[in-house]
Number of protein chains: 2
Amino acid sequence: MPDDSGNTFSMVTCNAPVNIAVIKYWGKRDEECILPINSSLSVTLHQDQLKTTTTVACSRSFQEDRIWLNGKEEDINQPRLQSCLREIRRLARKRRSDGEGGVDLAGLSHKVHICSVNNFPTAAGLASSAAGYACLGERPSNEVGVYPVALSGPFSLCSLPLLSPFSFFPVYTLARVMGVEGELSAVARQGSGSACRSMYGGFVQWIMGQREDGKDSVAQQVEPETHWPELRILVLVVSAERKPVGSTSGMQTSVETSSLLKHRSDSVVPARMKEMIDAVHRKDFAAFAELTMKDSNQFHAICLDTYPPIFYLNDVSRHIINLVHHYNQHYREARVAYTFDAGPNAVIYTLQQHVDEFLQVVKHFFPPETNGGQFVKGLPVASTTLTEELRQAIGMEPMVKGISYIISTKAGPGPCIVEEPSQHLLGSDGLPKESA
Amino acid sequence: MPDDSGNTFSMVTCNAPVNIAVIKYWGKRDEECILPINSSLSVTLHQDQLKTTTTVACSRSFQEDRIWLNGKEEDINQPRLQSCLREIRRLARKRRSDGEGGVDLAGLSHKVHICSVNNFPTAAGLASSAAGYACLGERPSNEVGVYPVALSGPFSLCSLPLLSPFSFFPVYTLARVMGVEGELSAVARQGSGSACRSMYGGFVQWIMGQREDGKDSVAQQVEPETHWPELRILVLVVSAERKPVGSTSGMQTSVETSSLLKHRSDSVVPARMKEMIDAVHRKDFAAFAELTMKDSNQFHAICLDTYPPIFYLNDVSRHIINLVHHYNQHYREARVAYTFDAGPNAVIYTLQQHVDEFLQVVKHFFPPETNGGQFVKGLPVASTTLTEELRQAIGMEPMVKGISYIISTKAGPGPCIVEEPSQHLLGSDGLPKESA
């Protein structure tokens, strides 16, 4: 389409999901190519609750590449974002010289404007801590598989403080606007490692690969999101005052100083990947849950074995961990599993039939009235009554100021193109619309 | 001496120290014989600040074995205490049959009365949580080298809440009253593993040994306490509300479930033991400090890798850890080291010349007025003024209700006999004196 000056103009908008690892990525064998020391596996969350929308525009009239994240212009010169742009342009060029042609070859030499927002709920009372979380001043993170909404684009966790560091590499959208198709996870990986797992919906593994050039280090769908419809996910957003250590520098320090990490990557994870994939295939929740918890704990153990040690869990996280174990012990089966990434927030995996009761348990031990207006967003949950027996079996003290709010969601699909032009975040002037 | 009824009566009183491991013991290869999966190394603390005094009496007139800990009679039938009594009696019998004779052979078939108290300061305001810490209702612990005042005798940490679980095996005193001399660490080990390191003063290693019968699993002095007079120790007693997981069951669960522990014991600790012994010989504080912190962190990493995970560190512990690293980073050298055992309390190793300043730092970031009447007991410290530069370099928020009090001490000698009869804790009736 023509822009305001009548120049050729192309624009693509995509939505991309976040993923939560159940077998964690922590440690690179190659800093340059973002190659991991072990494979990892995650669940892609549903975009109805958590997604990032990114619009990328290409135009001859743009003077320079520019990027806006959640309404604020950011530095386009971040090294990893530059890597992605470079890689996408290279692929587009290759495609053109191969004679396959792209949708918008003009875009190749043109500058791009990128605009990205997320649909995360902004809880009342979190604005100040959110603003203090200068997530964008940092080097883009490349962390254990949390919230790497890498494919649709830049996104900010500012409205979901401390949920995790994150990545913002609009690979999927960029590729579309540049006319590149096919295997993009290797490109996404260039931006942020775990981001490549958000290329697919459902259950996704990032195979570490063996090659030095990283060509075999790619994401692969293990099962689609429809495979296990009973699986439910609760994000418990923990009140926290400080920004944790960034995961990029954190994992690098772990590789350099932890005397346990190599043993984990070489001897523990390969077997766990097999078991986890098997548990997903069989929809064996107890096995899935136990492995998920063990791997989360081992990731944090490695952080503690790093020198100086890295702490992502706090007393609230530990309270949640104990709550989950006491709950499971009461029923003598793993009905609920926790996992924590590079921050104190808990992500809970459970099955549909246990959601209502477990949420009631959470509310009992983190009473909403003393937990900053705690409430559940997302998929509906029903109120239930806790038995005195269950309360006593858990036998913990209720905690104040622990959980800010909860997002109730499930597994969902991968990135998708938004066809409706009114959904573009950039106007015909190539600048963010008011609402973006 | 004759007792009140004119019966032969023998009584021995000993003092024994506590030890704090810098290379941790965590995990047994033999539950029966208390044989560890790795060697460990500790510093014996000075008895002026922390000691246990135990009196053991033997008399024909005693109807049964009895034990009093800090003024309260306890169950003599604890399995490990019984093991010690049995083993000591066996050694005494052997000695008699070898014709070497003991001081009080009569005691062999007689019953014993054991009475033990400690000199730990009881902080004001701690009585209730102390009373709640039912340390004696548990199976005797056999934990990572904390406070194993095993040799002089039973002792209670009730006055030092949550400092750690501990052991109470009056091996040294029992041996004396039974006329047994020589190598006792194997006997002490029967009671509580790390207790055997309290057999000596100064720097003590517990060599894991290879034999199935444990005969080569013994404590050995690496250097006496006079070797490194500048070394100072601060015990930061952390306010904590709950009793942590007992270390005996904790380490057993770790052995069964942690996929990192075997790698630690087989591949990490042997090299660390060598380095640590070398650092002690050379009085290389920076090396000693770094290894101490790394090994503490790795021990807690293993606890986290246990399933379900075990947490001994809390947010206060983490605050102290960060404080120490920020302090060291400011000076670009390791001037202070922390170590944590099976509880949230920090033990700080430093050198004489840094004690005053570091304590001032602790007081600044844990202001006494909001930390439950925090004060320093033990070796004198001088007040100093913190530079603004140092305060800013540490750059942390002061914490309230973190540290209850601090014990300032140094390395000290091993167990010793108390010659002065007035110091016996048992009267001539074989029952605890009023003051005991």
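As the structure is a computational prediction, the values presented were derived from the model and not from experiment.

Visitor: Got a minute to help me understand the overall build of chain A in this structure?
Guide: Of the regular secondary structure elements, chain A holds 10 helices and 17 strands. Scored against the burial criterion, the 436 residues of chain A give a buried share of 62%. For chain A, restricting intrachain contacts to residue pairs at least 6 apart in sequence, the fraction spanning at least 24 positions comes to 77%. In the form shown here, chain A has an accessible surface area of approximately 15,700 Å², with 48% of it arising from carbon and sulfur atoms.

Visitor: Even after reading the chapter, I still don't get the sheet that holds strand β2 (residues 19-23) of chain A, so can you show me in this structure?
Guide: Strands pair in a sheet through their backbones, by hydrogen bonds, and they do so in one of two ways: parallel or antiparallel. All names here are of chain A. The strand order across the open sheet built from 4 strands is β2-β5-β10-β11, with neighbouring strands paired in antiparallel fashion. The sheet terminates laterally at β2 and β11 (219-223), the two strands that pair on one side only. Mean inter-strand twist for the sheet, computed between neighbouring axes without regard to direction, equals 35°. With 4 bridges connecting them, β2 and strand β5 (residues 40-44) associate as antiparallel partners. Bridging across to β5, N19 finds its partner in T44. Relative to β2, helix α7 (residues 285-305) is tilted by about 95°, and along the sheet it contacts β2 and β5.

Visitor: Help me out: how do you make sense of the sheet that holds strand β10 (residues 203-206) of chain B in this one?
Guide: Residue and element names in this part refer to chain B. Taken together, 4 strands build an open sheet; the order of strands is β2-β5-β10-β11 and the sheet is antiparallel. The open sheet has two edge strands with one neighbour each: β2 (19-23) and β11 (219-223). On average, each strand axis in the sheet is inclined to that of its neighbour by 35°, with strand direction left out of account. Summarising the sheet, strand β5 (residues 40-44) and β10 pair through 4 bridges and their orientation is antiparallel.

Visitor: Can you walk me through unusual backbone geometry in this structure?
Guide: Leave glycine aside and you will find that most residues have negative phi; peptide bonds, for their part, are mostly trans. Looking along the chain, the bond that leaves Y307 of chain A and enters P308 of chain A is cis, with omega of -5°. Note that P308 of chain A resides in the loop between α7 and α8 (315-331). With a phi angle near 55°, I34 of chain B is a residue other than glycine that sits in the positive phi range. As for its position among the elements, I34 of chain B is in the loop between β3 (28-30) and β4 (35-36).

Visitor: Looking at this structure, I do not really get the relation of the copies chain A and chain B. What am I missing?
Guide: Note: a rotation about an axis with an accompanying shift along it relates these two copies of the chain. Turning chain A through 180° and shifting it by 0.0 Å along the axis lays it on chain B, with an RMSD of 0.1 Å. On this basis, the relationship between the two copies can be described by a two-fold rotation axis. When each C-alpha of chain A is compared by its distance to the rotation axis, A301 of chain A comes out closest, at 2.1 Å. The share of interface residues of chain A whose copies in chain B are also at the interface is 97%, consistent with both copies meeting through the same surface.

Visitor: How do you make sense of the packing of aromatic side chains when you look at a structure like this?
Guide: Describing an aromatic ring pair means giving the distance of the ring centres and the angle of the ring planes. Applying the stated criterion across every chain, the model contains 26 aromatic pairs over all chains. Ring centres 6.3 Å apart and planes at 75° place the aromatic pair W228 of chain A and F285 of chain A in the edge-to-face group. Within this pair, whereas W228 of chain A is found in the loop between β11 and β12 (231-238), its partner F285 of chain A is found in helix α7, the two being separated by 57 residues in sequence. On the basis of relative accessibility, which here comes to 3%, the residue W228 of chain A falls in the buried class. We classify F285 of chain A as buried; its relative accessible area is 6%. On the basis of an interplanar angle of 70° and a centroid distance of 4.7 Å, the ring pair of Y25 of chain B and W206 of chain B is categorised as edge-to-face. Here the residue Y25 of chain B occupies a position in the loop between β2 and β3, and W206 of chain B occupies one in strand β10, the gap between them amounting to 181 residues. Given a relative accessible area of 0%, W206 of chain B falls into the buried group. One aromatic cluster is present, formed by F203, W228, F285, F288 and Y349 of chain A through successive ring pairs. Between the NZ or CZ atom of R318 of chain A and the centre of the ring of F311 of chain B, over which it lies, the distance is 5.5 Å. Positioned over the ring face of Y405 of chain B is K377 of chain B, at 4.7 Å from the centre of the ring.

Visitor: Help me out: how do you make sense of α8 of chain A in this one?
Guide: Because each turn of an α-helix spans 3.6 residues, side chains separated by three or four positions end up pointing in the same direction. All names here are of chain A. Under the 1.5 Å per step criterion, the end-to-end length of α8 is 25 Å for 17 residues, consistent within 8% with the ideal 24 Å. Turning to α8, its buried residues are V316, S317, R318, H319, I320, I321, L323, V324, H325, Y327 and N328. Among the residues of α8, the N-terminal cap falls to N314, whose side-chain oxygen and the backbone nitrogen of V316 are separated by 2.9 Å. R332 lies just past α8 and shows a positive phi near 55°.

Visitor: Help me understand the packing of α8 of chain A against helix α9 (residues 352-365) of chain A in this model?
Guide: A pair of packed helices is captured by two measures, namely the crossing angle of their axes and the spacing between those axes. All names here are of chain A. The contact between α8 and α9 brings their axes to 11 Å, and the two run at 130°. The angle between α8 and α9 places the two elements in the oblique class. Crossing of α8 against α9: the hand is right-handed. Between α8 and α9, the residues in contact are H319, L323, V324, Y327 and Y331 and H354, E357, F358, V361, V362 and F365, respectively. Among the residues forming the contact of α8 with α9, the class breakdown is 8 nonpolar, 2 polar and 1 charged.

Visitor: What am I meant to see in the side chain of K24 of chain B here?
Guide: All names here are of chain B. Position of K24 among the secondary structure elements: in the loop between β2 and β3. Residue classification places K24 among the buried residues on the basis of a relative accessible area of 0%. Side chain to side chain, K24 and T339 meet in a polar contact 2.6 Å long.

Visitor: I would appreciate a short explanation of the interface of chain A and chain B in the present structure.
Guide: Often, the extent of an interface is quoted as the loss of accessible area on bringing the components together. Counting residues at the interface gives 31 residues for chain A and 30 residues for chain B. At the boundary of chain A with chain B, total buried surface from both sides reaches about 2,700 Å², with 63% on carbon and sulfur atoms. Put simply, chain A and chain B have 2 salt bridges between them. One salt bridge connects D315 of chain A with R318 of chain B, and the closest N-O pair in it is separated by 3.8 Å. Linking chain A with chain B are 9 residue pairs in polar contact (both at pLDDT 80 or more). Going through the elements one at a time, α6 (261-282), α7 and α8 of chain A are the ones with two or more residues in the side of chain A that touches chain B. The element that contributes the greatest number of residues to the side of chain A that touches chain B is α7 of chain A, accounting for 10 residues.

Visitor: Teacher, can you tell me more about the environment of M276 of chain B here?
Guide: All names here are of chain B. Structurally, M276 can be placed in helix α6 (residues 261-282). Of the residues examined, M276 reaches a relative accessible area of 0% and is grouped as buried. Separated by 16 residues in sequence, M276 and T292 place their C-alpha atoms 8.3 Å apart. Other than its neighbours up to four places away in sequence, M276 contacts V22, I23, L41, F288, L291 and T292.

Visitor: So what exactly am I meant to see when it comes to the environment of L379 of chain A here?
Guide: Residue and element names in this part refer to chain A. Considering the arrangement of structural elements, one finds L379 in the loop between β15 (376-378) and α10 (388-394). For L379 and K410, which are 31 residues apart along the polypeptide, the C-alpha to C-alpha distance reads 8.2 Å. Those residues in contact with L379 that lie beyond four places of it in its chain are Q49, R232, S408, T409 and K410.

Visitor: Could you clarify how one ought to interpret the pattern of salt bridges in this entry?
Guide: Proximity of charged atoms lets side chains of opposite charge pair with each other. Residues and elements named next belong to chain B. One pass over the full model with this rule turns up 28 salt bridges over all chains. We note a salt bridge from K262 to D266, for which the minimum N-O separation is 2.4 Å. Separated by 4 residues within a single helix, K262 and D266 lie in helix α6, roughly one turn from each other. Among the residues examined, D266 registers a relative accessible area of 44% and is labelled partly exposed.

Visitor: What should I look at first to understand the confidence of the model for chain A in this one?
Guide: Detail in the predicted coordinates should be disregarded across regions flagged by low pLDDT. All names here are of chain A. When pLDDT is averaged along chain A, the result is 80, and 76% of the positions lie at 70 or above. Contacts for the low-pLDDT stretch residues 101-107, under 50 throughout, to residues beyond four places or in other chains number 9 contacts. Across residues 121-169, confidence stays below pLDDT 50; counting only partners more than four residues off in sequence or on other chains, it has 211 contacts.

Basis of the calculations
Residues numbered from 1 in each chain as written. Chains lettered and ligands numbered in written order. Predicted model: local features only at pLDDT ≥ 70, side-chain atom pairs only at ≥ 80, totals over all residues. Heavy atoms only, no water. Helix = DSSP H or I, 4+ residues; strand = E, 2+ residues; numbered from the N terminus. Buried < 20%, exposed > 50% of the residue type's maximum accessible area, 1.4 Å probe, protein only. Contact = heavy atoms within 4.5 Å. Areas by Shrake-Rupley, 256 points an atom, 1.4 Å probe, with all protein chains shown as cover. Pairing = 2+ DSSP bridges. Axes fitted to C-alpha atoms, helices over the stretch in contact; angles between N-to-C directions. Least-squares fit on C-alpha atoms with pLDDT ≥ 70 in both. Phe/Tyr/Trp six-rings, centres within 6.5 Å; stacked < 30°, edge-to-face > 60°. Lys NZ or Arg CZ within 6 Å of the ring centre and 35° of its normal. Expected span 1.5 Å × (residues − 1). Polar contact = N/O pair within 3.5 Å; in protein donor to acceptor, adjacent residues only side chain to side chain. Parallel < 35°, antiparallel > 145°, perpendicular 65-115°, else oblique. Left-handed = near helix turned anticlockwise from the far one by under 90°. Nonpolar A, V, L, I, M, F, W, Y, C, P; charged D, E, K, R; others polar. Buried area = accessible area lost by both parts, 1.4 Å probe. Salt bridge = Lys/Arg side-chain N within 4 Å of Asp/Glu carboxyl O. pLDDT = per-residue confidence, 0-100.

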